[in-house]
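Here's the letter readout for the chains.
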Amino acid sequence: MGLLAKLLRGVVNEVADDTVRTMLRDQYVENLFELVPVMKKVSPINLAEIGMRAAKGTPVPRPLGSHLHFSPWEKLLFSPVHLFRFPTPENVGINTSVKIGPRAKKPLSISIPVMIAAMSFGGALSKHAKIALARAATMAGTATNTGEAGLLEEERQAAQLLIGQYNRGGWLNSREKYSRLDAIEIQLGQGAQGSSPQRTAAKNIGEEYREVFGLEEGQDALIHSRLNGVNTKEDFIELVRGLKEETGVPVGLKIAATHHLEKELQIALDAGCDFVTVDGAEGGTHGGEPILEDDVGLPTIYAVSRAAQFLAGKGASGDVSLLATGGLVTPGQMLKAMALGADAVYIGTAAVMAMVGDQVTRALPFEPPTDLVVYTGKMTDQLDVDKSAQNLFYFLNACIREMELVAATLGKVSLADISKEDLVALDPFLARALKIDLGFVPPESQDIFYGDFEKLNLPGTQVREATH
Amino acid sequence: MEHLSNISDTLAAFHSDLNRIQTVAGTLAQVERQHYNDLTKYDDERLTRIAVTQQSSSRQLGEIKQLCIAMAQKIEEIQSMAKK
């Protein structure tokens, strides 16, 4: 060991000893260690956001949505088969394609049931990022979504299948724009922000943004809480019917999932929507107020289950596609959402992370990786579009391959065939809510478990005759 | 009547062609899947990248197969309605 290293170790040792001594001897209220319980009590995130609010006096938009894990996906497991039903032989292909809006004049067919979520050019992402997302989607045979924006020509060119949001800003709501889409999603809300109004200040709006959105110089971009012209249920029904008639492509409704879900979906059915998109409370965003991200909405897992049960109850399953989104980051979560009844899912945060991939090194350690992709980022020109598209394409491919392996072990030949019957829950309340068998007891004992524990034929318990 | 007969013949031709496309798409999907299996044996990064593209192509061919099946079924429905 060199002299310098010895000296350094000595210094570190002295400092460490002194720090520990001080922490153990100082009054707790004057002790640096108090930061640890305070951090644990308040949480580092809340502590930082308290400071940010205190510094600015305004809400602090947090990127990428809530950090809370509302949906207990880990409490659901798939049930492989071995003998009573056989697994799918490995030489058999698993069908991964989905048709969205099968009753529309021109349904949207995608090769894989995972699409790129609505993340707008300008409001959220840079042009390079949008093009990369579109290219990756095209490579994988799936669709990408405009988000609440105008029609970005480069995105349209790069995306073989483009779902456009008829939005509360009004930027895509003219016939010459929406007639160039492969599906129209009427955006009335999103998981991360509910139906709240939003505003992008003019100072953050560049020339190309203004051009795509049709804004004047110095004009803010405003997303209203209501869609212009839709103030009654009848207005909405008229809008949906008009868009369907004009374009022939699937027309759907996107809402933030809430406890009013079934009432909202009934109106979507009345209007003849071809698909509905439910965005759970875990939904991401470019920047949303923490209260809207953490304290508003309904978790994706319950939203999908409730929406699927509602559509089934109305006899609309198969006719009206159910798209799920909000916090789905692993292929397991995506497939579980489909097993609960979603026909396809959107991914946003995971898609952006995958797209950036190993390019994070260009931003770290002095800038956050989001600086490479968000419209206002300082490093958007350093995002390699080809590399980004390839990264996301590989990610999508890997996710679907993992899903195919689950399908094979369940004995299924199509991802669409995977259902709640293939799931088991590890929580009694969740099992009841989602109408899934509870894994604690055999299928034939499910009702007994909830009705009378003593009647369960569990090892070490005495079986008693049921009394009538 | 001649007009209806032409439509009937055209539908039959479409049905036949769709079955052919479906068979070709299915076969090609299987070939692409086999290519994926073959190329990933070597544990070579470049070959794996090609394999991944083949795997995705296989799925897209699978989608075409499904579309053909659905269209052929629709034609069968139209044909049976026309007979009535």
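Just above sits the structure.
A. The overall build of chain A, seen in detail. Helix and strand counts for chain A come out as 17 helices and 14 strands. The dimensions of chain A, computed from C-alpha atoms along their principal axes, are 80 × 75 × 50 Å. Each of the 468 residues in chain A was classed as buried or not, and the buried ones make up 48%. Pairs at least 24 apart in sequence give 64% of the contacts found in chain A among residues at least 6 apart. When the accessible surface of chain A is totalled, it reaches about 22800 Å², and 56% of it is carbon and sulfur. Within chain A, the 57 negative side-chain charges are centred at a point lying 1 Å from the centre of the 45 positive side-chain charges.

B. View of the packing of aromatic side chains. Residue and element names in this part refer to chain A. On inspection of all chains with the given rule, the structure shows 10 aromatic pairs over all chains. Aromatic side chains Tyr 209 and Tyr 375 sit 5.1 Å apart centroid to centroid with 85° between the ring planes, which places their arrangement in the edge-to-face category. Of this pair, Tyr 209 sits in helix H7 (residues 207-213) while Tyr 375 sits in the loop between helix H14 (360-363) and helix H15 (385-409), and the two are 166 residues apart along the sequence. The same class applies to Tyr 209 and to Tyr 375, which are both buried. Ring plane angle 40° and centroid distance 5.9 Å describe the contact between Phe 393 and Tyr 394, whose orientation is recorded as tilted. Since its relative accessible area comes to 3%, Phe 393 is described here as buried. Taken together, the ring pairs connect Phe 121, Trp 171, Tyr 209, Phe 213 and Tyr 375 into an aromatic cluster. Lying over the aromatic face of Tyr 450, Arg 432 brings its terminal NZ or CZ to 3.8 Å of the ring centre.

C. Structural context of the pairing of strand S7 (residues 183-187) of chain A. All names here are of chain A. Across the 5 residues of S7, 5 count as buried, placing the element largely inside the fold. On S7, burial covers both faces: Ala 183, Glu 185 and Gln 187 on one face and Ile 184 and Ile 186 on the other are all buried. Judged from the 4 bridges that link them, strand S6 (residues 162-166) and S7 form a sheet pairing that is parallel. The residue bridging Gly 164 from the neighbouring strand is Ile 184, located in S7. The pairing of S7 with strand S10 (residues 251-256) spans 4 bridges and is parallel. Across the sheet, Ile 186 pairs through a bridge with Leu 253, a residue of S10.

D. View of the interface of chain B and chain A. Listed by partner, the interface residues are 13 residues for chain B and 22 residues for chain A. When the two sides are added together, the surface that chain B and chain A hide from each other amounts to roughly 1400 Å², 43% of it contributed by carbon and sulfur. When the buried surface of chain B facing chain A is broken down by residue, Arg49(B), Arg59(B) and Glu63(B) rank first, second and third, together holding 41% of it. The interface formed by chain B and chain A includes 1 salt bridge. Taking the shortest distance from any N to any O, the salt bridge between Arg59(B) and Glu404(A) comes out at 2.7 Å. In terms of residues, the side of chain B that touches chain A owes the most to one element, helix H2 (residues 45-83) of chain B, which gives 11 residues. Residues belonging to the side of chain B that touches chain A are distributed by class as follows: 3 nonpolar, 6 polar and 4 charged.

E. Region of interest: the pattern of salt bridges. What the rule picks out here adds up to 29 salt bridges over all chains. Glu49(A) is paired through a salt bridge with Arg62(A); the nearest N and O atoms lie 2.6 Å apart. Of this pair, Glu49(A) sits in helix H3 (residues 44-56) while Arg62(A) sits in the loop between H3 and strand S1 (76-78), placing them 13 residues apart in sequence. There is no split in this pair, since Glu49(A) and Arg62(A) are both buried. Glu77(B) is paired through a salt bridge with Lys74(B); the nearest N and O atoms lie 3.7 Å apart. On the criterion of helical spacing, the pair formed by Glu77(B) and Lys74(B) is a turn pair, its members being 3 residues apart in helix H2. Take Lys74(B): its relative accessible area is 44%, and that puts it in the partly exposed class. Salt bridges linked by common partners bring Glu49(A), Arg62(A), Glu293(A) and Asp294(A) together as one network.

F. Representation of the packing of helix H9 (residues 261-271) of chain A against helix H11 (residues 300-313) of chain A within the structure. Residue and element names in this part refer to chain A. Running from N to C, H9 and H11 cross one another at 45°; their axes reach a closest spacing of 10 Å. The orientation of H9 relative to H11 falls into the category oblique. In the crossing of H9 with H11, the sense of the turn from one axis to the other is right-handed. Each of Leu 261, Glu 262, Leu 265, Gln 266 and Leu 269 in H9 lies in contact with H11, whose residues at this interface are Ala 303, Arg 306, Ala 307, Phe 310 and Leu 311. Classifying every residue of the contact of H9 with H11 by side-chain character gives 7 nonpolar, 1 polar and 2 charged.

G. Structural context of H3(A). Here H3(A) is 13 residues long and its end C-alpha atoms lie 19 Å apart, about the 18 Å a rise of 1.5 Å per residue gives. Looking one or two residues past H3(A), Gly57(A) carries a phi angle of roughly 80°, positive in sign.

H. Expanded view of the sheet that holds strand S5 (residues 144-145) of chain A. Residue and element names in this part refer to chain A. Spatial strand order, S4-S13-S12-S11-S10-S7-S6-S5: 8 strands in an open sheet with parallel pairing. Both outer strands of the open sheet, strand S4 (114-116) and S5, are each paired with one neighbouring strand and no more. Looking at chain direction, S10 and strand S11 (residues 275-279) are connected through 5 bridges and run parallel. For Ala 256, the partnering residue across the bridge sits in S11 and is Asp 279. In the packing of helix H8 (residues 233-247) onto the sheet, contacts are made with S6, S7 and S10, and the angle to S7 comes to roughly 165°.

Quick notes on the rules
Residues numbered from 1 in each chain as written. Chains lettered and ligands numbered in written order. Predicted model: local features only at pLDDT ≥ 70, side-chain atom pairs only at ≥ 80, totals over all residues. Heavy atoms only, no water. Helix = DSSP H or I, 4+ residues; strand = E, 2+ residues; numbered from the N terminus. Buried < 20%, exposed > 50% of the residue type's maximum accessible area, 1.4 Å probe, protein only. Contact = heavy atoms within 4.5 Å. Areas by Shrake-Rupley, 256 points an atom, 1.4 Å probe, with all protein chains shown as cover. Lys, Arg positive; Asp, Glu negative; His and termini not counted. Charge placed at Lys NZ, Arg CZ, Asp CG, Glu CD. Phe/Tyr/Trp six-rings, centres within 6.5 Å; stacked < 30°, edge-to-face > 60°. Lys NZ or Arg CZ within 6 Å of the ring centre and 35° of its normal. Pairing = 2+ DSSP bridges. Buried area = accessible area lost by both parts, 1.4 Å probe. Salt bridge = Lys/Arg side-chain N within 4 Å of Asp/Glu carboxyl O. Nonpolar A, V, L, I, M, F, W, Y, C, P; charged D, E, K, R; others polar. Axes fitted to C-alpha atoms, helices over the stretch in contact; angles between N-to-C directions. Parallel < 35°, antiparallel > 145°, perpendicular 65-115°, else oblique. Left-handed = near helix turned anticlockwise from the far one by under 90°. Expected span 1.5 Å × (residues − 1).

Note that every value here comes from positions in space, so none of it alone points to a role or purpose.
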